Each structure stands twice: as structure tokens, then as C-alpha cells.
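Chain and residue survey
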Amino acid sequence: MYSFISGTVVEKNPAYIVLDNQGIGYLINITLNTFTAIGEQERVKLFVHLAIREDAHLLYGFYTEKERALFLQLITVSGVGCNTARLILSSMTVKEAVDAIATNNIKMIQSVKGIGAKTAQRIIVDLHDKVGKMEAGAGENSPAGYNTLKDEALSALMVLGFNKVSIEKALDKLLKEMTNPSVEDLIKEALRLL
């Protein structure tokens, strides 16, 4: 629903920030890395994720799109909720977290308070291939918007009722074959394969 919110910092602490945007104060939960990156800035732009629960609608904000992308990957893992993902991203930088997952470093992930051996293993098993693609997204072989393209196409195709695993296989195949596709092109081609 929201991509980013920018505004004037009204209140800030290591757990959350309040941004005034056009007279509306948004309380946004942040990571320690985002808190540090904000520093003493008076105006800030945060990339956000809206988590909707039965009892609350919560905003989570990130200084960089990479941090938000990793957060979104983490919350797809069974047993990892928004607060646990935020704790992981407060305990280590995005690069450290991606490296730990990519190199199967269970001990580093387990060093985060509240993460046990089983959850650490699940994070590595579920995200190992995905973080490899996040790293590849910065390389020459993949366009910079690789994850965004894939995520948008995946989301659209899931809304249409297709199976997530089938969609991911089709999109991975198409992303290797196509050069600089748009989301629309990706979805059209995926529909032919599904």
C-alpha cells in the first residue's frame, strides 16, 4: 500500500520515529541501522512496509530499499514475524545478514536474541537462494530492479490464483532469458508458461 513516507522528524528513538507529513504524524517502527543512518537529519525519507494484524496496523521503516527487501524476505520465513525480522536487522547490517545466510553461518544468525537453532536453519534454508539473487542483483548480469520486477510479477500472478512455486520457476527462467523486461512483459510471458 505504501512505498515510502517522507517528512519532518518530530520524535525519534532507537525503536521508532514519528514523521510529520502534511500535518499527519506517522509512527514508524525502525531498525537500529536505520536509526543510525538517520542521525540528526530533520527531514527523512523511509521505505516502509505496512503490517496488518487483527489488533493493529503497523508501519516498519527502512533507510534503504535493500534493508526493506531483506526484511520482506525474512518475514516470509515460518516463525519469523515483523518484530523478529526487525531485531535481526538491528543486530547486524544488511550485508552481514546476507553474508550469514549465503554462507550458511547458523551461529551468526543464532547470535540474535530470540533466534534458536531451528529458526536460524529455517532462515538459511528458505532464503539461501533468494539472498544469492539479491547479491546478484547488484552485479552486471542482472538488472538493478531484478528483485522488484520479480516480486511485482509474483504478487500479480498469485492474485490471479497461480501457484507460488510454479510462478517462481517461470519467472526465474524468464529473467535469465529476457533482457531488461518490464513487469508487464514478465507477467505476459509468465502467463504463457503457466
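Now for a look at the structure at hand. Predicted model only: the values in this text are computed from it and were never measured.

1. Description of the overall build of the chain
- When helices and strands are tallied, the chain shows nine helices and five strands.
- Starting at the N terminus and ending at the C terminus, the chain contains elements arranged as β-β-β-α-β-β-α-α-α-α-α-α-α-α.
- Expected size for 194 residues packed as a compact globule is a radius of gyration near 16 Å; at 18 Å, the chain falls within 12% of this value.
- Counting only C-alpha atoms, the chain reaches 50 × 45 × 40 Å along its principal axes.
- The long-range share in the chain, meaning contacts at least 24 apart out of those at least 6 apart in sequence, stands at 49%.
- Only carbon and sulfur atoms are counted for the fraction: they give 52% of the accessible area of the chain, which is about 11,100 Å².
- When the 21 basic and 22 acidic side-chain charges of the chain are each reduced to a single mean position, those positions are 5 Å apart.

2. Some thoughts on the sheet that holds strand β3 (residues 24-30)
- Read around the closed barrel, the five strands follow the order β1-β2-β3-β5-β4; overall the barrel is mixed. Geometrically, the sheet is characterised by an average inter-axis angle of 55° between neighbouring strands, direction not taken into account.
- Here strand β2 (residues 16-21) pairs with β3 via six bridges, running antiparallel. When the bridges of β3 are listed, Asp 20 appears paired with Gly 25.
- Contacting β4 (43-52) and β5 (57-62), helix α2 (residues 65-74) crosses the sheet at an angle of about 10° to β4.
- Across the face of the sheet, helix α3 (residues 82-91) comes into contact with β3, β4 and β5 while running at roughly 20° to β5.

3. Observations concerning a negative patch on the surface
- On the surface, a cluster of negative charge is made up of Asp 151, Glu 152, Glu 184 and Asp 185.
- Listed by contribution, the elements that provide at least two residues to the negative patch are α7 (146-159) and α9 (183-193).
- Looking at the secondary structure, you find Glu 184 in helix α9.

4. Let's talk about the environment of Ser 78
- Within the secondary structure, Ser 78 sits in the loop between α2 and α3.
- Here the alpha-carbon distance between Ser 78 and Thr 64, two residues 14 residues apart in the chain, equals 24 Å.
- Excluding anything up to four places from it in sequence, Ser 78 contacts Arg 122 and Asp 126.

5. A few points about helix α8 (residues 164-177)
- Taking 1.5 Å as the rise per residue, α8 with 14 residues should run 20 Å; its terminal C-alpha atoms sit 20 Å apart, in good agreement.
- Listed as buried for α8 are Ile 167, Glu 168, Ala 170, Leu 171, Asp 172, Leu 174 and Leu 175.
- Between the side-chain oxygen of the N-cap and the backbone nitrogen of Val 165 there are 2.7 Å, and the N-cap of α8 in question is Asn 163.

6. Some remarks on the packing of aromatic side chains
- Counted by the stated rule, this structure contains two aromatic pairs.
- On the basis of an interplanar angle of 45° and a centroid distance of 4.7 Å, the ring pair of Phe 62 and Phe 71 is categorised as tilted. Comparing Phe 62 with Phe 71, the two get one shared label, buried.
- Each residue in the set Tyr 60, Phe 62 and Phe 71 is aromatic and connected to the rest through ring pairs, giving one cluster.
- Positioned above the aromatic ring of Phe 4 is the side chain of Lys 45, whose terminal nitrogen or guanidinium carbon lies 4.3 Å from the ring centre.

Rules behind the numbers
Residues numbered from 1 in each chain as written. Predicted model: local features only at pLDDT ≥ 70, side-chain atom pairs only at ≥ 80, totals over all residues. Heavy atoms only, no water. Helix = DSSP H or I, 4+ residues; strand = E, 2+ residues; numbered from the N terminus. Rg over C-alpha atoms; globule rule 2.2 N^0.38 Å. Contact = heavy atoms within 4.5 Å. Areas by Shrake-Rupley, 256 points an atom, 1.4 Å probe, with all protein chains shown as cover. Lys, Arg positive; Asp, Glu negative; His and termini not counted. Charge placed at Lys NZ, Arg CZ, Asp CG, Glu CD. Pairing = 2+ DSSP bridges. Axes fitted to C-alpha atoms, helices over the stretch in contact; angles between N-to-C directions. Patch = residues over 30% accessible without salt bridge, like charges linked within 9 Å, V, L, I, M, F, W, Y side chains within 5 Å. Salt bridge = Lys/Arg side-chain N within 4 Å of Asp/Glu carboxyl O. Expected span 1.5 Å × (residues − 1). Buried < 20%, exposed > 50% of the residue type's maximum accessible area, 1.4 Å probe, protein only. Polar contact = N/O pair within 3.5 Å; in protein donor to acceptor, adjacent residues only side chain to side chain. Phe/Tyr/Trp six-rings, centres within 6.5 Å; stacked < 30°, edge-to-face > 60°. Lys NZ or Arg CZ within 6 Å of the ring centre and 35° of its normal.

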